[in-house]
Amino acid sequence: MRRRYGKHFSVILGDWSDAGKMMRFQESSKTKGFRTLFARNGIPCYLLDEYRTSSVCPHCHGRVKKNIRQQLSSRPWQARKGRMEYVHGLVGCPNPECINQDWTPFEIPGRRQPLRLRMKVHNRDVQSTKNFLSIVRSVVFGDGRRPDAFSRNQ
């Protein structure tokens, strides 16, 4: 990492927690091993609260919709019966004031007559990473606090 990023860099990790589902005497979080590794090598490591990072659009900070697209089931015996499943990890922002590029029409699942929606489509993991960057920029280069869209007191 030092070869790639130079001498001065920091690592920011999400504060993932398993909500008490770990066995006794085991590390309590996936990030514990990474934090130990970075501390041993003198690399500053910070934890970031992941609250709402995967449910807010990184462009307009509006709420996104889940289950926006269906596809034929990935299980062959279900696909033969014509069963459909939702595409996991794909979310859409229906806000018309959001960025006006790459808009794609989608049908709302569960409607008798297909109603066409236009929405910005995001991969949930990429969206979370963009929101992490937005939070860090606001804290470090902005007013020193978290944006309201990602606050717990909103």
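Provided above is the structure to which this section pertains.
Residues numbered from 1 in each chain as written. Predicted model: local features only at pLDDT ≥ 70, side-chain atom pairs only at ≥ 80, totals over all residues. Heavy atoms only, no water.

1. Concerning the pattern of salt bridges
At step 1: Counting across every chain of the model gives 3 salt bridges.
At step 2: Notably, a salt bridge pairs Arg152 with Asp49, separated by 3.1 Å at the nearest N-O pair. Separated by 103 residues along the polypeptide, Arg152 in the segment after helix 4 (124-140) and Asp49 in the loop between strand 2 (45-48) and strand 3 (70-72) bring together distant segments of the chain.
At step 3: Close ionic contact of Asp143 with Arg145 constitutes a salt bridge, the shortest N to O distance being 3.5 Å.
At step 4: Salt bridges linked by common partners bring Asp143, Arg145 and Asp148 together as one network. (Salt bridge = Lys/Arg side-chain N within 4 Å of Asp/Glu carboxyl O. Helix = DSSP H or I, 4+ residues; strand = E, 2+ residues; numbered from the N terminus.)

2. Brief notes about the nonpolar core
Generally speaking, soluble globular proteins have nonpolar side chains that are buried together.
At step 1: One finds Leu48, Val56, Phe132, Ile135, Ala149 and Phe150 forming the largest nonpolar core, which totals 6 residues.
At step 2: When near neighbours in sequence (up to four residues on either side) are disregarded, Phe150 contacts Tyr51, Arg52, Thr53, Val56, His61, Asn131, Ser134 and Ile135. (Core = buried A, V, L, I, M, F, W, Y, C linked by side-chain atoms within 4.5 Å. Buried < 20%, exposed > 50% of the residue type's maximum accessible area, 1.4 Å probe, protein only. Contact = heavy atoms within 4.5 Å.)

3. Quick word on the side chain of Gln78
At step 1: Locating Gln78 in the fold gives a position in helix 3 (residues 76-80).
At step 2: When its relative accessible area of 19% is taken as the criterion, Gln78 is described as buried.
At step 3: In this structure the side chain of Gln78 is engaged in a polar contact, spanning 2.9 Å, whose partner is the side chain of Arg83.
At step 4: Other than its neighbours up to four places away in sequence, Gln78 contacts Ser73 and Arg83. (Polar contact = N/O pair within 3.5 Å; in protein donor to acceptor, adjacent residues only side chain to side chain.)

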